[in-house]
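# Coordinate analysis (summary)
The residues making up each chain are set out below.
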Amino acid sequence: MQVTKHKVTIIDYTLKDNDGKTLDKSSDGNFAYIHGTNSIIPGLENALEGKEPGDDLSVRIEPKDAYGERDLANIQKVPRDMFPADIDIKPDMQFQAQTQDGKPLFVKVTAVEGDEIVVDGNHPLAGVDLNFDITIVDVRDASEEEIEHGHVHNPADEDH
Ligand code: ZN
């Protein structure tokens, strides 16, 4: 069975940056998604389209087909008093904020400048080429319920 729209697709993968550093990894068939539902990055969906169980592929996905380019507009200075007073704010700390339309946004502290904190709201993988080594583990039809929910159900969690 080929990877096409609304197939539950299970892959093992290793994700590396251009320096060969491993950024993420899934083995033993732990990563499953429903193809054609925008639940993974577009470049990866395109690369997997039409593949079959047992196929191996290596692909490099550019930021425009992944998490986008880094946008300097997402780096902002915010007043110290927008953060909890009882936390010692330091670079590399991560906080959940909200966008103006109320969506959750993870920001990383990049600098502390007196009573101002510099935060970066870019996705950690923005601007990064993603090098995937992938094996297709399994492909099956998604159930109507899975398509409705937009995620894969495991036999173990029949409870929602
Ligand atoms: Zn569900």
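Note that the structure is predicted; figures quoted are calculated from it, not measured.

Thresholds applied
Residues numbered from 1 in each chain as written. Predicted model: local features only at pLDDT ≥ 70, side-chain atom pairs only at ≥ 80, totals over all residues. Heavy atoms only, no water. Helix = DSSP H or I, 4+ residues; strand = E, 2+ residues; numbered from the N terminus. Buried < 20%, exposed > 50% of the residue type's maximum accessible area, 1.4 Å probe, protein only. Polar contact = N/O pair within 3.5 Å; in protein donor to acceptor, adjacent residues only side chain to side chain. Contact = heavy atoms within 4.5 Å. Core = buried A, V, L, I, M, F, W, Y, C linked by side-chain atoms within 4.5 Å. Phe/Tyr/Trp six-rings, centres within 6.5 Å; stacked < 30°, edge-to-face > 60°. Domains from an automatic or database assignment. Pairing = 2+ DSSP bridges. Axes fitted to C-alpha atoms, helices over the stretch in contact; angles between N-to-C directions.

## Here's the deal with the side chain of Asn122
Looking at the secondary structure, you find Asn122 in the loop between strand 7 (116–120) and strand 8 (130–141). A relative accessible area of 8% places Asn122 in the buried class. Side-chain polar atoms of Asn122 contact the backbone nitrogen of Asp71, separated by 2.9 Å. Leave out the neighbours within four places in its chain, and Asn122 touches Glu69, Arg70, Asp71, Asn74 and Ile75.

## Thoughts on the nonpolar core
Ranked by size, the top nonpolar core spans 20 residues in total, and within it Leu44, Leu48, Ile61, Leu130, Phe132, Ile134 and Ile136 carry the most contacts. Among the secondary structure elements, those contributing two or more residues to this core are strand 1 (7–16), helix 1 (42–48), strand 3 (56–61) and strand 8. Residue contributions to this core peak at five residues, all from strand 8. When neighbours within four sequence positions are excluded, Leu48 is seen to be in contact with Val3, Ile11, Tyr33, His35, Ile40, Leu57, Ile134 and Ile136. Membership of the second largest hydrophobic core comes to eight residues, among which are Val78, Phe83, Val107 and Val109.

## Some details on the packing of aromatic side chains
Applying the stated criterion to the full structure yields four aromatic pairs. Ring geometry for Tyr13 and Phe31: centres 5.4 Å apart, planes at 85 degrees, overall edge-to-face. With Tyr13 in strand 1 and Phe31 in strand 2 (residues 22–34), this pair connects stretches of sequence that are 18 residues apart. Overall, the relative accessible area of 10% leaves Tyr13 in the buried class. Ring centres 6.2 Å apart and planes at 35 degrees place the aromatic pair Phe31 and Tyr33 in the tilted group. Of the residues examined, Phe31 reaches a relative accessible area of 23% and is grouped as partly exposed. Given the relative accessible area of 3%, Tyr33 is considered buried. Here a set of aromatic residues connected by ring pairs shows up, and it is made of Tyr13, Phe31, Tyr33 and Phe132.

## Remarks on the domain arrangement of the chain
Domain annotation of the chain identifies domain 1 (7–67 + 126–149) and domain 2 (72–120). Domain 1 and domain 2 are separated by 31 Å when their C-alpha centres are compared.

## Some thoughts on the side chain of His153
Inspection of the secondary structure assignment puts His153 in the segment after helix 2 (144–149). Look at His153 and you get buried, because its relative accessible area is 14%. Here His151 takes part through its side chain, which lies 3.3 Å from a polar atom of the side chain of His153.

## Some thoughts on the sheet that holds strand 4 (residues 75–79)
Spatial ordering of the open sheet is given by 4-7-6-5, a layout of four strands whose pairing is antiparallel. The strands lining the two open edges of the sheet, one partner per strand, are strand 4 and strand 5 (94–98). With strand direction ignored, the average angle separating the axes of adjacent strands in the sheet is 45 degrees. With five bridges joining them, strand 6 (residues 104–113) and strand 7 adopt antiparallel strand pairing.

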